[in-house]
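# Inside the fold
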Amino acid sequence: MATHSDQRITLVGLGAIGISFAALHLRFTSATVSVFDTRPDLEEHLASVLPGYVDSSDPAFSIAKLRSAGRLRICSSLEEACDNATLVQEQGPENLDFKRSIWPKVEKLVSPTTHLWSSTSGIAASLQSQAMEDRSRLLVVHPFNPPHIMPLIEIVPAPETSPAEVQFARDYFDQMGSGHRPVVIHKECPGFVGNRLAFTLLREACSLVDQEIISVKDLDVLMEASLGPRWAVQGPFKSYNMGGGAGGINAFLKNLSGTIQNVWDSTVPVNFTTTAEGVSTDPDAGWEAKIIKQTQDAYGSPNPTQFTIRDKALKQVLEIQKQM
Ligand SMILES: NC(=O)C1=CN([C@@H]2O[C@H](COP(=O)(O)OP(=O)(O)OC[C@H]3O[C@@H](n4cnc5c(N)ncnc54)[C@H](O)[C@@H]3O)[C@@H](O)[C@H]2O)C=CC1
Ligand SMILES: O=C(O)[C@@H](O)C(=O)[C@H](O)[C@@H](O)CO
């Protein structure tokens, strides 16, 4: 694989994820990063957010230095941004029309060997690539927010994606030295794996609040005081293997099979009451209104201080993981 310094990376879409990926590539590789976004305030937006994400006191990482050194290019068109790119990563809107339309445009602007990655949360590469000339090039490289801190990178090839593209993406993050942990998902499924697990838990959490079994705030306390720390140090299978004692997971499943099955049989799934405007917040709409009101009453709207506290805590947890 070409070293990171050989990479000329184009980022399409510099919102929450795009800026975070820009910081990751700039901080941990010597790649050139060209950024394009249709927002008119891209330069100001980058200046206000990127330095905090790059998180380095080294003056070489100031926006001005990165630009004068040619490592950061702020572009005003997709054509300019894709010029001479070895890797194009899109973090545009999470809708199929956008993602399906951007790739044929990019294909025409780059070389046949340029790697093409989508940061999508759940739109399969096989759906995005329908209008592409060469569908074997497209790969989902799904991060967890924020990717400049969160180590997971879900690599999700379509059946058409070439194995070489998967290997390149895996090597890219394995060799970055940032502590990122790429995981290859072998079959496309809605939500891939990370979000599928997250949203399964979210559905049960919403159902428990809707049934007035627990409040939003106490459910968060319950997670932060138990499963959160547990799963930060041992995933579900590793921790239940320990939970089975000497007999491991086999004993665990045998000992608890009745309780586990009883819980599985008792779940009361909830489904969105969506309207043309999206999720309904109508007080009579059921669970959504309860979740939204209780969450807003508990936490208000997210503010920069909350993000700073979150990121600091995440980094401390990840530092502890490295010592394991
Ligand atoms: N926010 C999250 O927690 C995560 C989001 N993702 C995925 O990343 C992608 C981006 O999500 P966010 O960064 O949260 O969205 P965002 O709304 O913060 O950023 C999207 C950016 O795309 C830009 N954009 C819109 N149309 C464009 C165009 N034609 N060309 C170039 N730029 C354009 C917008 O101006 C905006 O800055 C989505 O596919 C999402 O599913 C993946 C993991 C986590
Ligand atoms: O949770 C995350 O950071 C990611 O898995 C996501 O994809 C975001 O939650 C969000 O985009 C869910 O769709």
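Basis of the calculations
Residues numbered from 1 in each chain as written. Chains lettered and ligands numbered in written order. Predicted model: local features only at pLDDT ≥ 70, side-chain atom pairs only at ≥ 80, totals over all residues. Heavy atoms only, no water. 1 Å grid on protein atoms, 1.4 Å probe; cavity = no way out; pocket = protein on both sides within 12 Å on 5 of 7 lines; lining within 4 Å. Points joined across faces, edges and corners; volume = space filled by probe spheres on them. Helix = DSSP H or I, 4+ residues; strand = E, 2+ residues; numbered from the N terminus. Domains from an automatic or database assignment. Near = heavy atom within 4 Å. Polar contact = N/O pair within 3.5 Å; in protein donor to acceptor, adjacent residues only side chain to side chain. Areas by Shrake-Rupley, 256 points an atom, 1.4 Å probe, with all protein chains shown as cover. Nonpolar A, V, L, I, M, F, W, Y, C, P; charged D, E, K, R; others polar. Contact = heavy atoms within 4.5 Å. Buried area = accessible area lost by both parts, 1.4 Å probe. UniProt positions renumbered as here; feature names shortened; annotations may be inferred. Expected span 1.5 Å × (residues − 1). Buried < 20%, exposed > 50% of the residue type's maximum accessible area, 1.4 Å probe, protein only. Pairing = 2+ DSSP bridges. Axes fitted to C-alpha atoms, helices over the stretch in contact; angles between N-to-C directions. Salt bridge = Lys/Arg side-chain N within 4 Å of Asp/Glu carboxyl O.

Before going further, it helps to spend a moment on the layout of surface pockets. If you add up the space inside the second largest pocket, you get close to 410 Å³. Lining the second largest pocket are 20 residues, with Phe28, His148, Ser178, Lys315 and Lys322 sitting closest to its centre. Listing elements by their share of the lining of the second largest pocket, those giving two or more residues are helix H1 (16-28), helix H2 (42-54) and helix H14 (304-322). Looking at which domains feed residues into the lining of the second largest pocket, each of domain 1 (4-184) and domain 2 (202-322) supplies at least three.

Okay, the site of ligand 2 next. Every residue close to ligand 2 is listed here: Ser121, His142, Pro143, Phe144, Asn145, Asn195 and Phe199. Separating an oxygen atom of ligand 2 from a side-chain N or O atom of His142 is a distance of 2.9 Å. Asn195 places a side-chain nitrogen or oxygen 2.6 Å from an oxygen atom of ligand 2. Here ligand 2, which alone exposes 320 Å², has 61% of that area covered by the protein. Broken down by secondary-structure element, the contributors of at least two residues to the shell around ligand 2 are strand E6 (138-143) and helix H8 (194-210). Residue composition of the shell around ligand 2, grouped by class: three nonpolar, four polar and no charged.

Bringing the domain arrangement of the protein chain into the picture now. Assigned domains of the protein chain: these are domain 1 (4-184) and domain 2 (202-322). The centre of domain 1, based on its C-alpha atoms, is set 30 Å off from the matching centre of domain 2. Opposite the eight residues of domain 1 that make contact, domain 2 presents six residues. The junction of domain 1 with domain 2 conceals about 620 Å² of combined surface from both sides, 60% of it contributed by carbon and sulfur atoms.

Right, let's talk about the UniProt feature "transmembrane region" (unreviewed entry) in the protein chain for a bit. Under the UniProt annotation, the feature "transmembrane region" (unreviewed entry) is placed at residues 9-28. With 65% helix and 20% strand, residues 9-28 has its two end C-alpha atoms placed 13 Å apart.

Let us look at helix H7 (residues 163-174). Taking 1.5 Å of rise per residue, twelve residues should cover 16 Å, and H7 covers 16 Å from first to last C-alpha, within 8% of that figure. Buried within H7 we find Glu165, Val166, Phe168, Ala169, Asp171, Tyr172 and Phe173. Packing partners of the buried residues in H7 comprise strand E1 (8-12), H1, strand E5 (115-118), E6, strand E7 (152-157) and strand E8 (181-184).

All right, on to the UniProt feature "domain: 3-hydroxyacyl-CoA dehydrogenase C-terminal" (unreviewed entry) in the protein chain then. Sites flagged by UniProt as "domain: 3-hydroxyacyl-CoA dehydrogenase C-terminal" (unreviewed entry) map to residues 191-256. Annotation note: span residues 191-256, helix share 76%, strand share 0%, distance between end C-alpha atoms 29 Å.

Turning next to unusual backbone geometry. That bond from Asn145 to Pro146 is cis: its omega, 0°, falls within 30 degrees of zero. Tracing the sequence through the fold places Pro146 in the loop between E6 and E7. Notably, Phe192 is not glycine yet its phi reads approximately 55°, a positive angle.

What the eight strands build is an open sheet, ordered E3-E2-E1-E4-E5-E6-E7-E8; its pairing is mixed. Of all the strands in the sheet, the pair left with one neighbour each is strand E3 (72-75) and E8. Ignoring which end each strand starts from, the neighbouring axes of this sheet average 25° apart. Examined bridge by bridge, E7 and E8 share four bridges and lie parallel to one another. For Ile155, the partnering residue across the bridge sits in E8 and is Val184. Sitting on the sheet, H2 touches strand E2 (32-36) and E3, and the angle it makes with E3 is about 145°.

Counted by the stated rule, this structure contains eleven salt bridges. Across the pair Arg135 and Glu160 runs a salt bridge whose closest N-O atoms are separated by 3.6 Å. Of the two residues, Arg135 is situated in the loop between helix H6 (125-128) and E6 and Glu160 in the loop between E7 and H7; the sequence distance between them amounts to 25 residues. Between Lys293 and Asp297 there is a salt bridge; the shortest N-O distance is 2.4 Å. Here the residue Lys293 and the residue Asp297 both occupy positions in helix H13 (residues 287-299), the gap between them amounting to four residues, near one helical turn. With respect to class, Lys293 is no different from Asp297; both count as exposed. Beyond isolated ion pairs, a larger network of salt bridges with shared partners links Glu90, Glu94 and Lys99.

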